[in-house]
Amino acid sequence: MAESKKNFSINGVQENGASSMTENPSMPWFGMDIGGTLCKLVYFEPKDITKDELDAEVEVLKNIRRYLTKNSAYGKTGHRDLHLQMDNVLIRGRKGTLHFIRFPTSEMGNFLALAKSKGMATLVTTVCATGGGAYKFEDNFRKEVNMKLIKCDEFDSLIRGIQFVDCMNPNECYYWANATDDQRCTKVNYDFSNPYPFLIVNIGSGVSVLAVYGANNFRRISGTSIGGGTFLGLCCLLTGCNTFEEAIDLATGGDHTHVDKLVRDIYGGDYDRFGLPGDLVASSFGQMNSKERRSNISREDLARATLVTITNNIGSIARMCALNEKIEKVVFIGNFLRVNPIAMKLLAYAMDYWSNGTLKALFLEHEGYFGAIGCLLQLNDSVS
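Residues numbered from 1 in each chain as written. Predicted model: local features only at pLDDT ≥ 70, side-chain atom pairs only at ≥ 80, totals over all residues. Heavy atoms only, no water.

1. So, the overall build of the protein
So, step 1. Of regular secondary structure, the protein possesses 13 helices and 17 strands.
So, step 2. Taken over C-alpha atoms, the radius of gyration comes to 22 Å for the protein, in line with the 21 Å a tight globule of 384 residues would show.
So, step 3. Along the three orthogonal principal directions, the C-alpha set of the protein runs to about 75 × 45 × 35 Å.
So, step 4. Counting across all 384 residues of the protein, residues that qualify as buried make up 51%.
So, step 5. When the accessible surface of the protein is split by element, carbon and sulfur atoms take 47% of a total near 17,600 Å².
So, step 6. Taking the average place of the 41 positive charges on the side chains of the protein and the average place of its 43 negative ones, the gap between the two points comes to 3 Å. (Helix = DSSP H or I, 4+ residues; strand = E, 2+ residues; numbered from the N terminus. Rg over C-alpha atoms; globule rule 2.2 N^0.38 Å. Buried < 20%, exposed > 50% of the residue type's maximum accessible area, 1.4 Å probe, protein only. Areas by Shrake-Rupley, 256 points an atom, 1.4 Å probe, with all protein chains shown as cover. Lys, Arg positive; Asp, Glu negative; His and termini not counted. Charge placed at Lys NZ, Arg CZ, Asp CG, Glu CD.)

What follows is the structure, given as structure tokens:
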């Protein structure tokens, strides 16, 4: 990993990942972000274990480490995102690997049963968590596995996680060049070493927009209930799909123009006076008032139109917030963007087009895991 690009110290985590505390909490180290749709878990695997430490390590801890790091799937719905794994990370003076694991929040009961079966309750008495589930499932954790949830502020954790990962990974931030041209579209690294000010548009089940002016200077300025949970819910209703991945697969093969009413459908072409191109959506799902149109659309078309509708709405809100705050860098994160290049490219194009090139849509590789990372960083301070 490259050297840290920025200097900061957050709850004992200094710019080199070392700890400013005198004692570290006992292993294993976790951070959790329990969202409305998806639960994100970050696990720190130490790689600098001495022989004495290994000899003293209890068998349960060894088994947990082996189980988490030797598997990429846990049951039917838990997954470890291997492509996001971060090696040679320094946290509290320990060198190790960060592993990124996700599962549907609806499967929390199965997760707790698995944790209990692996003996995790005999080792971990406290877990730092954020998101609404940190409140909703607090009693479940205590009763089922004897774990206490330390509830961390959602936005504090988010910012801490972004700052830390960007320091450790020089290729974290990127943008899409030529977003609407399939032949020329490329993913380009972006130097985020001088980030402030910037907007964060966090797209989870819903959407929150934060204006960030400094490492500890930020505020929530807007949001919307129409987010990733809306996309999945509508796709399940309209197409009969059951998972986010299935919804995205359907959308990839669809054509939203069979569902949406475009500017050219109303004006016969571009609306030059106001600079509106003919292929711009004038009315989302506007063609669906026609029985004939409804009879000819596919599940794929409906999924694509739903994706375009949700993404356009988010992009419009983000653009207005950026203009109001006079901020030019807009960073889109959240699990809605996972395996979802369609939405990313739509956002990239919309930001660039409607701002005449003054706004840039930026993206981060670790998308929806920053809250969980921020919780992991706060573990030491919270336990002590």
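Now that the structure is up, let's keep going.
2. Focus: the nonpolar core
So, step 1. Judged by nonpolar contacts, the single largest core of 64 residues is most densely connected at Leu 98 and Phe 141.
So, step 2. Among the elements that line this core, the one with the most residues is helix H13 (residues 370-383), at 7 residues.
So, step 3. Leaving out residues up to four positions away in the same chain, Leu 98 has contacts with Val 42, Tyr 43, Phe 44, Gln 85, Met 86, Val 89, Ile 91, Phe 164 and Leu 376.
So, step 4. Counting 41 residues, the second-largest nonpolar core is a separate cluster that includes Cys 185, Leu 307, Val 330 and Ala 361. (Core = buried A, V, L, I, M, F, W, Y, C linked by side-chain atoms within 4.5 Å. Contact = heavy atoms within 4.5 Å.)

3. Details of the packing of aromatic side chains
So, step 1. Taken as a whole, this structure holds 18 aromatic pairs when the rule is applied.
So, step 2. When the ring of Phe 111 is compared with that of Phe 141, the centres are 6.4 Å apart and the planes differ by 50°; the resulting orientation is tilted. Of this pair, Phe 111 sits in helix H3 (residues 108-117) while Phe 141 sits in helix H5 (residues 138-145), and the two are 30 residues apart along the sequence.
So, step 3. Residue class for Phe 111 comes out buried when judged on its relative accessible area of 16%.
So, step 4. On the basis of relative accessible area, Phe 141 is assigned to the buried category, the value being 0%.
So, step 5. Members of the aromatic cluster, connected to one another through ring pairs, are Tyr 174, Trp 176, Phe 332 and Phe 363.
So, step 6. In this structure, Arg 92 packs its charged tip against the face of Trp 29, placed 4.5 Å from the ring centre.
So, step 7. Sitting over the face of the ring of Trp 176, Lys 345 holds its NZ or CZ atom 4.9 Å from the ring centroid. (Phe/Tyr/Trp six-rings, centres within 6.5 Å; stacked < 30°, edge-to-face > 60°. Lys NZ or Arg CZ within 6 Å of the ring centre and 35° of its normal.)

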